[in-house]
Amino acid sequence: MELWKESEIENGVCQYRRIGPLRLWIQHENKEWLLAYDRLVKKEDEEETSDEDNKPEDLEFNRYFVKDKSNKFKLLPYPPERDVVIKPESKIRIIPEGTMTFFAVIPLVFKFSIGKDFKQIIDEIPTQELSNTWFGEPVNGFLCYSIKTALMQNIKNRAFDINSIICPITVKNSSSSDLEFTRLCVRTKHLTVFVGEMNLWSNRVNVLYRGSGQESSIKYEDKAPDLERPLKKLTEPRVKPGNNFSIKSFDTFRFLAGGQ
Amino acid sequence: MESLTGIFANIKNIENFSSIVLIRALIIAVIGYLGLQLISFFIGKAAEKNLSKQSAMLVQKSIYYFGLFIIIILILQEFKVKLSAILGAAGVFGIAIGFASQTSISNIISGIFLIGEKPFKVGDIIKVGEHLGVVLSIDLLSIKIRGFDNKFIRIPNENLIKTEVSNITRFPIRRLDIEVGVAYKEDVRRVMDILRDLANKNPMVLDEPEPTLIFKNFGDSSLEIFFGVWFVNADYVKLKNEMMISIKERFDAEGIEIPFPHRTIYAGSVTDPIPVKITNEGGQAS
């Protein structure tokens, strides 16, 4: 995927990149970088192909002053900085000892990086505006992004939007009762991003459900998922996960917030 | 002559003695005060690492006032003032002072209860009566808050114990409640769908907990709908403005009427017009 490779830009020239609904314009002048972006709102507008000459008139460039004069840059894809709550279109139930593998499609953010080994990050820009949601009880919990999606089971040979990271999740119910859930929280800070010919992938997440009231055991695999070959590692996780840890990932209850 | 010299010598000795005592007292005062400032500062810093901000503030102030008390005692001792006499006199005045300082003592005790109960901490936004602001400090006698119009407000602790205190930032999320009234001719289900759609489209509105929609009442002038959306505390002002504006704009676009209060005058018959009589100045029909 050419979008994620190293690029060069001449002084004074404006380059254009399109990442899903996000349109990005880039300029460089000595030690200054200028970035401007907007997002296409309507689905039909996403078919539009633009270039630097079709910049919106009211576009505002953000200016970044750096130490290095280098004119090389790279866009590094990452999952969102907050955890993501996935709400399946229909309720999911896994019977005892049952295992289910599905794929969550997570809109990515990218880091505009420059400098030696592209370690200097100028900005981090989400490709899509995600809705806020809360995972947990109103008195304690944490802020997440919300994604409504059909959790797909079969994605063989299917190409997704360029701004999507496909996260394979395997859930095993090792308890003696059914696991029924309406929401699943994915800890995006532990996801590694791999690139293939067709899609971006994250490492596989293995969840072991131990029963209601008990914490699930979560493992983030180190290697690339064996779903598209070859896969090349693009970015490391924001936070390296431990080998195995327990955390609450499922929300089986709908919190009733009605009434006054 | 000798007695005169002796007197002068005594005066000089007294003067010397007084000068020495004064100098010693001054040294104690200056060094003591500076030392006290340093000690209370460092202890306050150390306390902040282990305790909450208000507890650390309390520890620092307690050490400061206690130290000040010790310095005063030392200075009085330098002047050979009998402390027992002072304490004795204090006992007499204590009763008088006790009556006079009932409110202050009540505030101090209320302050201790507040610190133990922890209904809020420094930095929280609280509402006490008509006052809304950020808590700046929690002291023995009172708390200080900064209003959003940058007013400095002092609230005695006794008042806080006796009245309701709302802590707006205690929990990370809260609900924005909007009362929406629509004309009786409107389709309530359609109105609720529109409101739900507005909530879904606004990224600041949390998807979970889900927005609350309740058909509240058949009001005097309108159908009353309760619309509650959840949000993160920091987004309050922006969300309130955006949500109210988007409701108005969407209702206008959809042709949904928001009625103002009105009264229908019923003259005895639904279909007959209300009779109107025009008279001249004398009251006769013209």
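Being a predicted model, the structure only gives us computed values, none of them experimental.

Focus on the overall build of chain A
The helix and strand inventory of chain A stands at zero helices and 23 strands. Going through the 260 residues of chain A one by one, you find that 50% of them count as buried. Sequence separation of at least 24 residues holds for 74% of the intrachain contacts in chain A that already meet a minimum separation of 6. For chain A, the computed accessible surface area is about 13500 Å², with 45% contributed by carbon and sulfur atoms.

Details of the interface of chain A and chain B
Contact residues are listed per partner, giving 19 residues for chain A and 21 residues for chain B. Between chain A and chain B, roughly 1600 Å² of surface is buried when both sides are summed, and carbon and sulfur atoms account for 53% of that area. One salt bridge in this structure joins lysine 87 of chain A and glutamate 208 of chain B, with 3.0 Å as the shortest N-O distance. One can count nine residue pairs in polar contact (both at pLDDT 80 or more) joining chain A with chain B. Those elements that provide at least two residues to the side of chain A that touches chain B are strand 12 (131–137) and strand 13 (140–149) of chain A. Ranked by the residues each element gives to the side of chain A that touches chain B, the list is headed by strand 12 of chain A, at four residues. Across the side of chain A that touches chain B, the residue classes tally to seven nonpolar, seven polar and five charged.

Considering the pairing of strand 9 (residues 99–107) of chain A
If a strand is regular, its side chains alternate between the two faces of the sheet. Residues and elements named next belong to chain A. With respect to burial, strand 9 is a largely interior element, seven of its nine residues being buried. Pairing geometry for strand 9 and strand 14 (residues 164–173), over nine bridges, is antiparallel. Within strand 14, the residue paired with threonine 101 across the bridge is threonine 170.

Thoughts on the packing of aromatic side chains
Tallied over the full model, the rule gives nine aromatic pairs over all chains. With 5.8 Å between their ring centres and 75 degrees between their planes, tryptophan 33 of chain A and phenylalanine 73 of chain A make a pair best called edge-to-face. With tryptophan 33 of chain A in strand 4 (residues 32–39) and phenylalanine 73 of chain A in strand 6 (residues 72–78), the pair connects residues that are 40 residues apart, well separated along the chain. The residues tryptophan 33 of chain A and phenylalanine 73 of chain A share a single accessibility class, namely buried. Summarising the aromatic geometry, the rings of tyrosine 64 of chain B and tyrosine 65 of chain B are spaced 5.4 Å apart at their centres and angled 75 degrees between planes, so their arrangement reads as edge-to-face. One aromatic cluster is present, formed by Trp33, Phe73 and Phe112 of chain A through successive ring pairs. One cation-aromatic arrangement involves arginine 82 of chain A over tyrosine 145 of chain A; the distance from NZ or CZ to the ring centre is 4.3 Å. The ring of tyrosine 236 of chain B has arginine 174 of chain B lying over it, and the distance from NZ or CZ to the ring centre is 4.7 Å.

Here's the deal with helix 4 (residues 102–117) of chain B
Residue and element names in this part refer to chain B. Here helix 4 is 16 residues long and its end C-alpha atoms lie 22 Å apart, about the 22 Å a rise of 1.5 Å per residue gives. When helix 4 is considered as a whole, its buried residues turn out to be Asn107, Ser110, Gly111, Leu114 and Ile115. Looking down the long axis of helix 4, one finds its buried residues gathered within 140 degrees of arc, a one-sided arrangement. Away from the buried face of helix 4 by more than 90 degrees, exposed residues Gln102, Ile112, Phe113, Gly116 and Glu117 are located. At its buried positions, helix 4 is contacted by helix 2 (53–78), strand 2 (131–138), strand 4 (152–156) and helix 5 (157–162). Backbone geometry just after helix 4 places lysine 118 at a positive phi near 55 degrees.

Quick word on the side chain of serine 40 of chain B
Residue and element names in this part refer to chain B. With respect to the helices and strands, serine 40 occurs in helix 1 (residues 2–50). Since its relative accessible area comes to 3%, serine 40 is described here as buried. Separated by 3.2 Å, the side chain of serine 40 and the backbone oxygen of glutamine 37 make a polar contact. Look past the residues within four positions of serine 40 in its chain and what remains in contact with it is Gln60, Ile63 and Tyr64.

Describing the layout of surface pockets
There is about 460 Å³ of room inside the second largest pocket. Lining the second largest pocket are 23 residues, with Glu129 and Leu130 of chain A together with Asn202, Pro203 and Met204 of chain B sitting closest to its centre. Elements with a minimum of two residues in the lining of the second largest pocket: strand 11 (120–126) of chain A together with helix 6 (188–201) and helix 7 (236–254) of chain B. It is helix 7 of chain B that contributes the most residues to the lining of the second largest pocket, four residues altogether. Residues of the lining of the second largest pocket, tallied by class, amount to nine nonpolar, four polar and ten charged.

Here is what the cut-offs are and how they apply
- Residues numbered from 1 in each chain as written.
- Chains lettered and ligands numbered in written order.
- Predicted model: local features only at pLDDT ≥ 70, side-chain atom pairs only at ≥ 80, totals over all residues.
- Heavy atoms only, no water.
- Helix = DSSP H or I, 4+ residues; strand = E, 2+ residues; numbered from the N terminus.
- Buried < 20%, exposed > 50% of the residue type's maximum accessible area, 1.4 Å probe, protein only.
- Contact = heavy atoms within 4.5 Å.
- Areas by Shrake-Rupley, 256 points an atom, 1.4 Å probe, with all protein chains shown as cover.
- Buried area = accessible area lost by both parts, 1.4 Å probe.
- Salt bridge = Lys/Arg side-chain N within 4 Å of Asp/Glu carboxyl O.
- Polar contact = N/O pair within 3.5 Å; in protein donor to acceptor, adjacent residues only side chain to side chain.
- Nonpolar A, V, L, I, M, F, W, Y, C, P; charged D, E, K, R; others polar.
- Pairing = 2+ DSSP bridges.
- Phe/Tyr/Trp six-rings, centres within 6.5 Å; stacked < 30°, edge-to-face > 60°.
- Lys NZ or Arg CZ within 6 Å of the ring centre and 35° of its normal.
- Expected span 1.5 Å × (residues − 1).
- Arc of directions from axis to C-beta.
- 1 Å grid on protein atoms, 1.4 Å probe; cavity = no way out; pocket = protein on both sides within 12 Å on 5 of 7 lines; lining within 4 Å.
- Points joined across faces, edges and corners; volume = space filled by probe spheres on them.

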